[in-house]
Number of protein chains: 2
Amino acid sequence: MTEIAVTIKTLDEKGVLDDITNLISKNSVNISYAHIFLENNDIGSIYFELENVKDIDGLIKDIKNINSVKSIDIHDSLNDIYGKRVIIFGGGAQVSQVAMGAITEADRHNIRGERISVDTIPLIGEEDIAGAVDALSRLPRIKVLVLAGSLMGGKITEAVKKVKKDKDIIVISLNMPGGVTEVADLIITDPIQAGIMAVMSIADTAKFDIKKLKSKKF
Amino acid sequence: MTEIAVTIKTLDEKGVLDDITNLISKNSVNISYAHIFLENNDIGSIYFELENVKDIDGLIKDIKNINSVKSIDIHDSLNDIYGKRVIIFGGGAQVSQVAMGAITEADRHNIRGERISVDTIPLIGEEDIAGAVDALSRLPRIKVLVLAGSLMGGKITEAVKKVKKDKDIIVISLNMPGGVTEVADLIITDPIQAGIMAVMSIADTAKFDIKKLKSKKF
């Protein structure tokens, strides 16, 4: 089984995605990940990670033959390039401190050949943070979430429970009032340490297993 | 014209994406953004942003009738939730300082109703950074890139030129040796300020127009 990643640039015409998926489906190739959007210049950008490709050259030739297709490129997968994602939500002061810990620790692992990204959004308000947590189930490569606020509960707690059920995500919370600490896998008081441990919990080169911790609060 | 965002959960069966895009295409609905991946439990997660939806209820009913479809949910778009993205690449020390400036500034705009995310990866090496810059053209919602290193040129410069041509991205570089400063829109010496100006350059609530700056280096 061969896995490849391709980007197909197309004219913005109705039915072009349909034509391409049709063709892929006919070749018994499986689309394991896709990402499709319109560029500013009205060029459609279609990124596919494909499994079970038996005849790469044949498939690429067939896709090129579709009228609206302008180009097709083969390249590394987004997972090879940006890797596992640490996500940090909360107030600006705390998010920036957790990010500092996480980026510094990710640097130490990426230098040894891993790929770990640190993605953040400073947000306030129960509804807005709950919405951002909930939408994580629609994003790829998310491995750990750090809740970096001073008071989080209610709908945020419910959203955390749901995303943990839907996806295999580790949740680290700062030590704070509110229900989220009850559903987090780990509670860390120092934001820098929270960022470091978030990265350690998912890094291949770290000797740290979050499941072996006897206490959950530090 | 109605725009909606939907997530469709399906069984991991061949042809299901083909069935769904077929149906959408038949309804003359346009897919403006799609994001498709396999969840850990072998459930396919298909996220679509759709334009030109005339009969939402009818479309949803039709999609639900496809055998492999388990559920379909309507919700806010990823742009409404995570908004514009600031991207920071470079060495850990500098990326973390730029991130601190950017997250703190994004906090000040998000509090007033905007949505700005700050996404980072600490990376070293000409090839690897060039690859990460190049792959930006495959990611959505990227508005500004900050190059946070101490020496960047060669293939990185070429990748920056290419991504600026493909997408409408602002590029800010720290003040450093190497060719990237020649292709950047703005060169900032202080990493905290570089992060702040990256956010200001894309924020709706900031009175700052990068094009009006007489000097490019600060």
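Everything that follows concerns the structure shown earlier in this document.
Residues numbered from 1 in each chain as written. Chains lettered and ligands numbered in written order. Predicted model: local features only at pLDDT ≥ 70, side-chain atom pairs only at ≥ 80, totals over all residues. Heavy atoms only, no water.

Enquirer: Quick one: what's the story with the nonpolar core, residue by residue and with numbers?
Expert: In this structure, Y82, V86 and I88 of chain A together with Y82, V86 and I88 of chain B are the most contacted members of the largest nonpolar core, which totals 118 residues. Among residues more than four places away in sequence, those in contact with I88 of chain B are V95, V98, A99, A102, V118, D119, T120, I121, V146 and A148 of chain B. (Core = buried A, V, L, I, M, F, W, Y, C linked by side-chain atoms within 4.5 Å. Buried < 20%, exposed > 50% of the residue type's maximum accessible area, 1.4 Å probe, protein only. Contact = heavy atoms within 4.5 Å.)

Enquirer: Kindly report on helix α5 (residues 126–134) of chain A, identifying the contributing residues and their values.
Expert: Since the α-helix packs 3.6 residues into each turn, any two residues three or four apart lie on the same face. Among all positions of α5 of chain A, only I129, A130, A132 and V133 of chain A are buried. Looking straight down α5 of chain A, one finds its buried side chains confined to an arc of 160°; they lie on one side. Elements in contact with the buried residues of α5 of chain A: β5 (84–90), β7 (142–148) and α6 (155–166) of chain A together with α3 (78–82) of chain B. (Helix = DSSP H or I, 4+ residues; strand = E, 2+ residues; numbered from the N terminus. Arc of directions from axis to C-beta.)

Enquirer: Describe the packing of aromatic side chains, listing the residues and the values that go with them.
Expert: Applying the stated criterion across every chain yields a total of 4 aromatic pairs over all chains. Taking the centre distance of 6.2 Å and the plane angle of 20° together, the rings of F89 of chain A and Y82 of chain B count as stacked. Here F89 of chain A, found in strand β5, pairs with Y82 of chain B, found in helix α3, and the two come from separate chains. Of the two residues, F89 of chain A and Y82 of chain B, both sit in the buried class. (Phe/Tyr/Trp six-rings, centres within 6.5 Å; stacked < 30°, edge-to-face > 60°.)

Enquirer: I'd like a rundown of the sheet that holds strand β4 (residues 69–75) of chain B, residues and numbers included.
Expert: What the 8 strands build is an open sheet, ordered β4(A)-β1(A)-β3(A)-β2(A)-β2(B)-β3(B)-β1(B)-β4(B); its pairing is antiparallel. Single-partner strands in this sheet number two, and they are β4 (69–75) of chain A together with β4 of chain B. Averaged over neighbouring strand pairs, the angle between their axes works out to 20° when direction is ignored. The pairing of strand β1 (residues 4–11) of chain B with β4 of chain B spans 6 bridges and is classified as antiparallel. Residue pairing across strands places V6 of chain B opposite I74 of chain B, the latter belonging to β4 of chain B. On top of the sheet, helix α2 (residues 56–64) of chain A reaches β1 (4–11), β3 (43–51) and β4 of chain A; it is set at about 155° to β4 of chain A, its chief contact. (Pairing = 2+ DSSP bridges. Axes fitted to C-alpha atoms, helices over the stretch in contact; angles between N-to-C directions.)

Enquirer: Outline the pattern of salt bridges, supporting the account with residue identities and numerical values.
Expert: Per the stated rule, a full pass over the model turns up 20 salt bridges over all chains. Across the salt bridge formed by E158 of chain A and K161 of chain A, the nearest N and O atoms sit 3.5 Å from each other. Of this pair, E158 of chain A and K161 of chain A both sit in helix α6, separated by 3 residues, roughly a single helical turn. A residue is classified by how much of its surface remains accessible, and K161 of chain A, at 43% relative accessible area, is partly exposed. Put simply, K162 of chain B and D134 of chain B hold a salt bridge, and the shortest N to O gap is 3.7 Å. Remark: D134 of chain B occurs in helix α5 (residues 126–135) and K162 of chain B occurs in helix α6 (residues 155–166); sequence separation between them is 28 residues. Under the relative-accessibility criterion, K162 of chain B is labelled partly exposed at 43%. (Salt bridge = Lys/Arg side-chain N within 4 Å of Asp/Glu carboxyl O.)

Enquirer: Which residues make up the interface of chain A and chain B, and what values go with them?
Expert: Counting residues at the interface gives 68 residues for chain A, matched by 68 residues for chain B. Together chain A and chain B conceal approximately 5200 Å² of surface at their shared face, both sides included; 57% is due to carbon and sulfur atoms. Run the count over chain A and chain B and you get 2 salt bridges. Inspection of the region where chain A meets chain B yields 21 residue pairs in polar contact (both at pLDDT 80 or more). In terms of residue count, helix α4 (residues 92–110) of chain A provides more of the side of chain A that touches chain B than any other element does, 11 residues in total. For the side of chain A that touches chain B, a count of residues per class yields 29 nonpolar, 24 polar and 15 charged. (Buried area = accessible area lost by both parts, 1.4 Å probe. Polar contact = N/O pair within 3.5 Å; in protein donor to acceptor, adjacent residues only side chain to side chain. Nonpolar A, V, L, I, M, F, W, Y, C, P; charged D, E, K, R; others polar.)

Enquirer: Please set out the relation of the copies chain A and chain B residue by residue, giving values where relevant.
Expert: Superposing chain A onto chain B takes a rotation of 180° plus a shift of 0.0 Å along the axis, which leaves an RMSD of 0.0 Å. Taken together, the rotation angle and the small translation identify this as a two-fold axis. (Least-squares fit on C-alpha atoms with pLDDT ≥ 70 in both.)

Enquirer: Just give me the short version of the packing of α4 of chain A against helix α8 (residues 191–200) of chain A, but keep the residues and values in it.
Expert: Residue and element names in this part refer to chain A. Put simply, α4 and α8 touch, their axes get as near as 7 Å, and they point 40° apart. Relative to α8, α4 is oriented oblique. The element α4 and its partner α8 pack so that their crossing is right-handed. When α4 is examined against α8, the residues Q94, Q97, V98, M100, G101, A102, E105, A106 and H109 are found in contact with a partner set consisting of P191, I192, A194, G195, I196, V199 and M200. Taken together, the residues that form the contact of α4 with α8 break down as 10 nonpolar, 5 polar and 1 charged. (Parallel < 35°, antiparallel > 145°, perpendicular 65-115°, else oblique. Left-handed = near helix turned anticlockwise from the far one by under 90°.)

Enquirer: An account of unusual backbone geometry is needed here, citing residue identities and associated values.
Expert: Despite not being glycine, R141 of chain A shows a phi value in the positive range, around 65°. With respect to the helices and strands, the residue R141 of chain A is situated in the loop between α5 and β7.

Enquirer: Which residues make up the sheet that holds strand β9 (residues 186–188) of chain A, and what are the values?
Expert: Two modes of strand pairing occur in sheets, parallel and antiparallel, and in both the strands are linked by backbone hydrogen bonds. Read from one edge of the open sheet, 10 strands run β9(A)-β8(A)-β7(A)-β5(A)-β6(A)-β6(B)-β5(B)-β7(B)-β8(B)-β9(B), paired in mixed fashion. The outermost strands of the open sheet, each flanked by one partner alone, are β9 of chain A together with β9 (186–188) of chain B. Between one strand axis and the next, the sheet turns through 20° on average, direction left out of account. Seen against the sheet, α4 of chain A touches β5, β6 (116–122), β7 and β8 (170–174) of chain A together with β6 (116–122) of chain B and runs at an angle of roughly 175° to β6 of chain A.

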